[in-house]
Amino acid sequence: MKLWQQTVFRIMLLAVVPLAAQQRTVGLLQNDASKSFGGYTLFAPLRALTTYLIDNEGRLVHSWASNYTPGNSVYLLENGHLLRTGNVNSRLFTTGGAGGRVQEYDWEGNLLWDFEYASNQHLQHHDVERLPNGNVLLIAWETKTFNEAVAAGRNPALVTTRGLWPDHVIEVKPQGATGGEIVWEWHVWDHLIQDFDATKPNYGVVADHPELVDLNFATNSNADWLHVNAIAYNPQLDQIILSVHNNFNEIWIIDHSTTKAEAAGHTGGKYGKGGDLLYRWGNPQAYQKGNASQQKLAGQHDAQWIEPGLPGAGHILIFNNGTNRRYSSVDEIVPPVEASGNYTRVVGSAFGPEAALWSYAATPLADFYATNISGAQRLPNGNTLICDGPHGIFFEVTASQETVWKYVNPVVAGGPLTQGAPIPSGQQGQENTVFRAPRYAPDYPGLAGKNLTPGEPIEKYPTTRADAMTPELPETFRLYQNYPNPFSARGAFGQPATTIRFTLARPDFVILKVFDVRGQEVATLASRPFAAGVHFLALAPNDLAGGIYFYRLQIGRIFQQKKMVVLP
C-alpha cells in the first residue's frame, strides 16, 4: 500500500456517514408503528419506467420494469399480478393523464397482456379498473370534430378547430397476449342536453334533467371538455363512479348492469335509466340546481366507494384538490342511496349530502395543497392514506387527523435521488410526481406466497461527505472488524482476502454492498438471510482494481454506516 493510501485509510477508518442525523429529503420521514397501518405501498413515479412496492419502513420489497411511463394508474391484483397503464405519447391527445396502453405483469416481471387503445379517434387515459370477472374498465377520450360538436348543440364559441374530446368508458375482455374484446361501453355523447339551440338535437330544459349532461356547461373551449380522471366499481350495486374534473367538478355514478344498447339509451338496466346518470355530486351549477356557494368539489381526483369491511364502508371518499380555494382536503360523503341502489333527491333540489361526514385538511390550510393528480384510501384500522401527487408525498392520518406515517418519493426521471439532495423541478413542477399510491395489507391475496423480504431503501446514500469526519462510532458499528489490515481483495502476500465480520443477535436479512469513490456500486457480497451468531464475508472480487472502496452493511431494519477499505 502506498504511503498516501495508508494515510487516507487511517484517517477515513474513523469516518462514518451519520445517516440518522443527516437531513432527510426523500424516502421515509416518519413511521409511528403503533398507530400506522402496516402494509405495502405501491407507486409508479410519473417520470420513471419502474413501479415500486415498499414496506412501512420505506424499504424496497419488489419492483417491476416497463418500457413506458405511467398513463397513469397502477394496481396490484389479487392474483399477484401488476396492472399498469402506459403512456404511448399520442401526438393528438396532448394533455395530462394521457395513456393509451394497459399492461399486466406477473410477479416475476413477465409481460402477460399488452393491450393498446390508442388511435386518432380514441385514447385511454388516467385510470383503469379490474372487474371481478377479469375484464378491465378503461376511461378514454374520443374525438368529435367542430362540425359534429356544433351539430349536437354545442355553442360554436366553445369549440376550436381541435373539436371536442368527450369521454367514454369501455369494458375489455382480455384475449391472448395483446387482444381484447370490448364487451360493454358507455359514451357521455349519448346522454346530453343543451338549451343553446332549439334547432339542434338534445334541446331541453337543463334544470329538468339532472340525469343528463349539459353540452354547453364549460368555462373555455378546451377540447378536453370533461377530463374524467378516475373510475371505480361497486360490485354490490353493479355501478361505476367517475370523477369529472374539467368544468364540472363533479362525481357521476352510472349503471353497469345495462347492455351496450341500453347504455346508449335512457331506459333499461337494473335501475331502469339506461346509461343516464344515477347520481351526481360536487357542483349543482352543472345542472342548474345551485350557485357557486354550493360548489363542494374543485379539480377533484380518485372518487371511490370505501370497500366493505372497512370503517365507512359504502361511503364515497374523494381527494378534493380545491383549485378554487387553494387548499386540498380529503372528503368522505354519505350518498343518499337506498337499499335498492337508487339515489334519492328532493324534487327541484340538488343531490345531497349538504356536507362531508369527515374531512382531512392541514392546519394551516395552505400547508396541504395538491393542484393536480393525487388520491386517498381508507385503511383497515380507520386511518386514511393520502397521496399528495404533485409533491410525491404519501402520508397516513388518523381519524383525528394526526399524521402517523410519511414518505417522499425519491425517484425522478434520472432515477433515485441521493438522500439529502433537493428534489429537482422542471417545467411541469417537481420531478417526483406520483398519480396515486395504494397500500395493500399483509394478508392481501395478491401477496400470498410472495417473497416480501425487504431490501434497501430506493433512495441512494452518499459514500463520502466532507462533514462526515467524526471519532464517535455508534456502538453497533463497533461490532464490525475488518482484517487483514491493510485491506486486500486478492489475498496479497499470502494473506486471505479482506474479510468483514459481523454478529447477529437473532436471525435477520443481511445486504452487504461495495462502492467505489464515485458512489457507484461495484459488488454485492451478500443479500440473503443469516442465522444468529458470528459471520464472516470475504471481499474477493478479482476484477476490482487497487484503490479506495467503501462497503455498506444493512441488517434488517437498520442501516449500518458505510466504511472505507483500501485495496493495494
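Below is a short write-up of the structure. Since this is a predicted model, take the numbers as computed values, not measurements.

## Some thoughts on the overall build of the protein chain
Then, in step 1: Looking only at helices and strands, the protein chain features three helices and 38 strands.
Then, in step 2: Evaluated residue by residue, the protein chain yields a buried proportion of 57% over its 568 residues.
Then, in step 3: Across the protein chain, contacts joining residues at least 24 apart in sequence account for 60% of those joining residues at least 6 apart.
Then, in step 4: Of the roughly 23,100 Å² of accessible surface on the protein chain, a fraction of 51% belongs to carbon and sulfur atoms.

## Considerations on the sheet that holds strand E2 (residues 40-43)
Then, in step 1: The strand order across the open sheet formed by four strands is E4-E3-E2-E31, and the pairing between neighbours is antiparallel. In the strand order of this sheet, the two ends are held by strand E4 (60-65) and strand E31 (439-440), each with one partner.
Then, in step 2: One ladder, built from two bridges, connects E2 with E31; its direction is antiparallel. What sits directly across from tyrosine 40, in E31, is tyrosine 440.

## Structural notes on the packing of aromatic side chains
Then, in step 1: Considering all chains together, one arrives at 22 aromatic pairs under this definition.
Then, in step 2: Here the aromatic rings of phenylalanine 93 and tryptophan 141 are separated by 5.8 Å at their centres, their planes lie at 5°, and the arrangement is stacked. Placement of the pair is phenylalanine 93 in the loop between strand E6 (82-87) and strand E7 (100-105) and tryptophan 141 in strand E10 (residues 136-142), with a sequence separation of 48 residues.
Then, in step 3: When its relative accessible area of 1% is taken as the criterion, phenylalanine 93 is described as buried.
Then, in step 4: On the basis of relative accessible area, tryptophan 141 is assigned to the buried category, the value being 0%.
Then, in step 5: With centroids separated by 5.7 Å and ring planes inclined at 70°, the aromatic side chains of tryptophan 225 and phenylalanine 248 adopt a geometry described as edge-to-face.

## Some remarks on the sheet that holds strand E21 (residues 329-333)
Then, in step 1: Read across the sheet, four strands follow the order E19-E20-E21-E22 without closing on themselves; strand pairing throughout is antiparallel. Among the strands making up the open sheet, the edge pair consists of strand E19 (301-305) and strand E22 (358-360). Neighbour-to-neighbour, the strand axes of the sheet open up by a mean angle of 15°, direction not taken into account.
Then, in step 2: Sheet topology places E19 next to strand E20 (residues 316-320); three bridges connect them, and they run antiparallel. When the bridges of E20 are listed, histidine 301 appears paired with phenylalanine 319.

## Re unusual backbone geometry
Then, in step 1: The omega torsion across glycine 71 and asparagine 72 is 10°, close enough to zero to call that bond cis.
Then, in step 2: Among the secondary structure elements, asparagine 72 is positioned in the loop between E4 and strand E5 (74-76).
Then, in step 3: Residue threonine 363 is joined to proline 364 through a cis peptide bond whose omega torsion reads 0°.
Then, in step 4: Position of proline 364 among the secondary structure elements: in the loop between E22 and strand E23 (375-378).
Then, in step 5: Positive phi, normally seen in glycine, also occurs at aspartate 238, with a value near 55°.
Then, in step 6: Tracing the chain through its elements places aspartate 238 in the loop between strand E15 (228-234) and strand E16 (239-244).

The rules behind the values
- Residues numbered from 1 in each chain as written.
- Predicted model: local features only at pLDDT ≥ 70, side-chain atom pairs only at ≥ 80, totals over all residues.
- Heavy atoms only, no water.
- Helix = DSSP H or I, 4+ residues; strand = E, 2+ residues; numbered from the N terminus.
- Buried < 20%, exposed > 50% of the residue type's maximum accessible area, 1.4 Å probe, protein only.
- Contact = heavy atoms within 4.5 Å.
- Areas by Shrake-Rupley, 256 points an atom, 1.4 Å probe, with all protein chains shown as cover.
- Pairing = 2+ DSSP bridges.
- Phe/Tyr/Trp six-rings, centres within 6.5 Å; stacked < 30°, edge-to-face > 60°.
- Axes fitted to C-alpha atoms, helices over the stretch in contact; angles between N-to-C directions.

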